[in-house]
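# Architecture at a glance
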Amino acid sequence: MMGCVTDFFTYETTKSVVVKSWTIGIINRAVQLLIITYFVCWVFLHEKAYQIRDSSIESSVMTKAKGVGRYSDRVMDVADYVTPPQGSSVFVILTKLITTENQVQSACPETDYKYKCLNDSHCKKGKPTGNGYLTGHCEKDFCQIQGWCPTENDTVKVPILMEAENFTIFVKNSVRFPLFDFEKGNLPDNLNCRYNPKTHPFCPIFRLGDILKLAGQNFTNLADKGGVMGIKIGWLCDLDQSWDLCVPKYSFTRLDSVSQKSNISPGYNFRFARYYMRPDGSEFRTLIKAFGIRVDVIVYGNAGKFNIIPTLINIVAAFTSVGVGTVLCDIILLNFLKGADQYKAKKFEEVSDSSPPLGSQIYKSDQTLTGRGDEKRSTDSGAYSIGL
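Residues numbered from 1 in each chain as written. Predicted model: local features only at pLDDT ≥ 70, side-chain atom pairs only at ≥ 80, totals over all residues. Heavy atoms only, no water.

Attention shifts here to the packing of aromatic side chains. Any aromatic ring pair is given by two values, namely how distant the centres are and how the planes are angled relative to each other. According to the stated counting rule, one finds 14 aromatic pairs in the structure shown. Pairing tyrosine 195 with tyrosine 250 gives two aromatic rings, centres 5.7 Å apart and planes at 80°, and the pair type is edge-to-face. Placement of the pair is tyrosine 195 in the loop between β11 (182-185) and β12 (205-207) and tyrosine 250 in strand β14 (residues 249-254), with a sequence separation of 55 residues. Overall, the relative accessible area of 9% leaves tyrosine 195 in the buried class. Note on tyrosine 250: relative accessible area 6%, which makes it buried. Taken together through their ring pairs, the aromatic side chains of Tyr195, Phe206, Tyr250 and Phe252 make up a single cluster. The ring of phenylalanine 142 has lysine 116 sitting right over it, with the charged end atom 4.7 Å from the ring centre. (Phe/Tyr/Trp six-rings, centres within 6.5 Å; stacked < 30°, edge-to-face > 60°. Helix = DSSP H or I, 4+ residues; strand = E, 2+ residues; numbered from the N terminus. Buried < 20%, exposed > 50% of the residue type's maximum accessible area, 1.4 Å probe, protein only. Lys NZ or Arg CZ within 6 Å of the ring centre and 35° of its normal.)

In structure tokens:
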């Protein structure tokens, strides 16, 4: 019990030992140089760790498409092929339409092959289908339904709107970083341009065909089955520099790449209807299954500005990390180099209340542990020089 108490009430203090060895000296300085280089080049210059950053970006997006095309002997403009028409950050450019005209509420045979029948017993009355409810009758080898008739046949082949490749999309974006009360927009001084990653990298007017090409997509395949494309606007701003240098960076990608690789429900399509009224008051509609290219405008970014607090924190971290070299050198000295026992004897020493004065004990340990009396005391107080 007394031994445990005695061991608990002890004090450890650092003892400096100068080791004159080319091997361990080179390792020590190399590790220190690597650590300093990492903090200077990566932490401070590349990551700008001396800045406080604001990633809570506030953004607004307005879009506008332009262009005309010919589809099934009809000229289509923006009002025909863009939905929804409000100019939001998510919109669809329609590229293929399967229409079922003059649908009215009545009874007619289902067109899905799952509902083929030989007699009325194969058609369970009241069961819902994709187009209505079964009436319990078999009509023309298909179960009869109650719903909008005639039913849709979405297996027919229809052309695509080829002119859509040349449609243009104008994206107006403004951002704000609330921490710094900094606002910026993506509009250049002149809008007489077309986006090009080399000649006009900041132009906010994009040709649809160029977007697909830069994302590695084929227009014909995408227009036929539909898909989702992303226009990504990145704002990475260094507010220690000029206001003009905070500019957006545009990139493009296909967001539904999973459906692109799957045979189950590939592409992108949806249905909508246009309703009409006859003079006698009866209602009818035109059902449209639309395939299109959905465009999502995604805004991200952060801004940084010099602040003394992160600067001091990272400077202290850099100086602290330099001590890693000492730990590594101690491991090598204590376990791998010739003369490890001599180094241990100099580095670790116990002093008790009943021991002789510290100076005489150290001198005696020099004679006893090493058998040498020619080692030199360094000019530093309490430091020993060992030649390995």
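Quick look at the state of the cysteines now. The final tally for this structure, using the stated rule, is five disulfides. Each sulfur in the disulfide pair cysteine 117 and cysteine 138 lies 1.9 Å from the other. What sets the handedness of the cysteine 117 and cysteine 138 disulfide is the S-S torsion sign, and at about 95° it is right-handed. Here cysteine 117, found in the loop between β7 (90-109) and β8 (132-139), pairs with cysteine 138, found in strand β8; they are 21 residues apart in sequence, far enough to count as distant. For cysteine 138, a relative accessible area of 23% corresponds to the partly exposed category. The disulfide bridge from cysteine 237 ends at cysteine 246, spanning 1.9 Å between sulfur atoms. Taking the torsion about the sulfur-sulfur bond, which here is approximately 50°, the covalent link between cysteine 237 and cysteine 246 counts as right-handed. (Disulfide = S-S within 2.5 Å.)

Okay, helix α8 (residues 324-335) next. In this model, α8 (twelve residues) spans 17 Å end to end at C-alpha, consistent with the 16 Å of a helix rising 1.5 Å per residue. Along α8, the residues classified as buried are Gly325, Cys329, Asp330, Ile332, Leu333 and Leu334. (Expected span 1.5 Å × (residues − 1).)

With respect to the helices and strands, threonine 100 occurs in strand β7. Threonine 100 sits in the buried class, given a relative accessible area of 10%. For threonine 100, the contacting residues outside a window of four places in its chain are Pro150, Thr151, Glu152, Asn153, Arg285, Thr286 and Leu287. (Contact = heavy atoms within 4.5 Å.)

Before going further, it helps to spend a moment on the packing of α8 against helix α9 (residues 340-347). Contact geometry for α8 and α9: axes closest at 7 Å, N-to-C directions at 120°. For the element pair α8 / α9, the angle class is oblique. In this structure, α8 contributes Asp330, Leu333, Leu334 and Asn335 to the contact, and α9 contributes Ala340, Tyr343, Lys344 and Lys347. (Axes fitted to C-alpha atoms, helices over the stretch in contact; angles between N-to-C directions. Parallel < 35°, antiparallel > 145°, perpendicular 65-115°, else oblique.)

Moving on: the environment of lysine 48. Positionally, lysine 48 belongs in the loop between α2 (22-46) and β2 (51-54). Expressed as a C-alpha distance, the spacing of lysine 48 and proline 310, which sit 262 residues apart in the sequence, is 9.8 Å. With residues up to four places along the chain from it excluded, the contact list for lysine 48 reads Val43, Arg53 and Asp238.

On to the pairing of β8, then. On a regular strand, one side chain projects to one face of the sheet and the next to the other, so that they alternate. Here β8 pairs with strand β9 (residues 142-149) via five bridges, running antiparallel. By the bridge assignment for β9, tyrosine 133 is matched with glutamine 146. Hairpin connection, β8 to β9: the antiparallel pair is bridged by two residues, and lysine 140 has positive phi, about 55°. (Pairing = 2+ DSSP bridges.)

Looking now at the pairing of β11. Along β11, the buried face is formed by Phe182 and Lys184; none of Glu183 and Gly185, which line the opposite face, is buried. In this structure, strand β10 (residues 168-177) lies alongside β11, joined through four bridges in antiparallel fashion. Bridging from a neighbouring strand, serine 174 pairs with glycine 185 of β11. Between the antiparallel neighbours β10 and β11 lie four residues, among them aspartate 181 with a positive phi of about 55°.

What follows concerns the nonpolar core. Judged by nonpolar contacts, the single largest core of 48 residues is most densely connected at Tyr81, Ile169, Val171, Phe206, Phe252 and Ile293. When sequence neighbours within four positions are dropped, the list of residues in contact with tyrosine 81 reads Lys66, Gly67, Val68, Met76, Val92, Ile93, Leu94, Leu161 and Phe167. (Core = buried A, V, L, I, M, F, W, Y, C linked by side-chain atoms within 4.5 Å.)

Put simply, threonine 83 and proline 84 share a cis peptide bond, and its omega is -10°. Within the fold, proline 84 resides in the loop between β6 (82-83) and β7. Put simply, cysteine 149 and proline 150 share a cis peptide bond, and its omega is -5°. In the Ramachandran plot, asparagine 102 falls in the positive-phi region, its phi being about 55° despite a non-glycine side chain. Residue placement: asparagine 102 occurs in strand β7.

Shape descriptors only; they carry no functional weight alone.
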